[in-house]
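Structural description and commentary
The lines below spell out each chain.
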Amino acid sequence: LISCAATHQRKITKKVVAHQTSENEHFLDKEKTILTDEDFKHFSGLEFYPIDLKYRVKAKFVRTPNEIPFLMPTTTERLPEYVKYGEAHFSVDGNELELALYQSTAHYDEAGYEDYLFLPFTDLTSGDGSYGGGRFLDARIPRGTTIILDFNKAYNPYCAYNHKYSCPIPPKENDLLVRIEAGVKAFKAH
């Protein structure tokens, strides 16, 4: 039983490493990068918190039907429309936490995004280790009443790297009063 758990943890860690490698490949690709030309010249890779599986949580998923769509503020005048789709209830280090998951009301043109959920959040590392404007997680609509949230895959909005981008500002209800020392750290421009 112990070896099964260890094997499972190694598989999860390997997936996170693959995710981080993929993120860096995207940033290092001159054709795809969102970095400014100046930052691209000096970029050698994103900095991540050490992978910690305590930040991969199995959350209770609660669907919140009949929510009213709203315009999510961004770092520019753009106001994309979202609707709260559900809530994730979980604990980290004995702290009971809750995050709202949102779905865009705009139909995705890209196949495979029909069940996409957006989870913008801030935590006590925001501005103290991670990007001050918060970070994002992606999720898929779960089939049951649980959802896995892996904060080791938390990423910065594009505006953390380049002021030309418009990024959603995490709603106050997604402000976690704990440190989530997982995922990507703050970007240091050159």
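The following refers to the structure shown. Values in this document were obtained by computation on a predicted structure and should not be read as measured data. (Residues numbered from 1 in each chain as written. Predicted model: local features only at pLDDT ≥ 70, side-chain atom pairs only at ≥ 80, totals over all residues. Heavy atoms only, no water.)

Details of the side chain of T125
- Residue placement: T125 occurs in the loop between β5 (116-121) and β6 (135-140).
- The exposure class of T125 is buried, given its relative accessible area of 0%.
- Not counting the four nearest positions on each side in its chain, T125 is found in contact with Y49, S130, R135, R179, I180 and E181. (Helix = DSSP H or I, 4+ residues; strand = E, 2+ residues; numbered from the N terminus. Buried < 20%, exposed > 50% of the residue type's maximum accessible area, 1.4 Å probe, protein only. Contact = heavy atoms within 4.5 Å.)

Regarding the pairing of β5
- Where burial is concerned, most of β5 is hidden: six out of the six residues are buried.
- Here β5 shows no split at all, with Y116, F118 and P120 on one side and L117, L119 and F121 on the other all buried.
- Bridge count for β5 against β6 is six bridges, and the pairing is antiparallel. Along β6, the bridge assignment pairs P120 with F136. (Pairing = 2+ DSSP bridges.)

Quick word on the environment of P73
- With respect to the helices and strands, P73 occurs in the loop between β2 (70-71) and β3 (81-92).
- For P73 and R179, which are 106 residues apart along the polypeptide, the C-alpha to C-alpha distance reads 24 Å.
- Not counting residues up to four positions away in its chain, the partners in contact with P73 are L79, C167, P168 and I169.

Examining unusual backbone geometry
- Within the chain, N66 stands out as a residue other than glycine whose phi angle is a positive 65 degrees.
- Counting through the fold element by element, N66 comes out in the loop between β1 (56-63) and β2.

Observations concerning the nonpolar core
- Ranked by size, the top nonpolar core spans 24 residues in total, and within it F90, L101, F121, I147, L149 and F151 carry the most contacts.
- Among the secondary structure elements, those contributing two or more residues to this core are β1, β3, β4 (95-104), β5, β6 and β7 (146-150).
- Top contributing element to this core by residue count: β3, with four residues.
- Aside from chain neighbours lying at most four places away, what touches F151 is Y55, V57, F90, L99, F121, L137, I180, A182 and G183.
- Of all hydrophobic cores here, the second largest spans eleven residues; its members include F27, I34, L35 and F187. (Core = buried A, V, L, I, M, F, W, Y, C linked by side-chain atoms within 4.5 Å.)

Structural notes on the environment of L124
- Among the structural elements, L124 can be located in the loop between β5 and β6.
- Judged by its relative accessible area of 43%, L124 falls in the partly exposed class.
- As a C-alpha pair, L124 and Y161 span 37 residues in sequence and 20 Å in three-dimensional space.
- Excluding its chain neighbours within four sequence positions, the residues that come into contact with L124 are L176, L177, V178 and R179.

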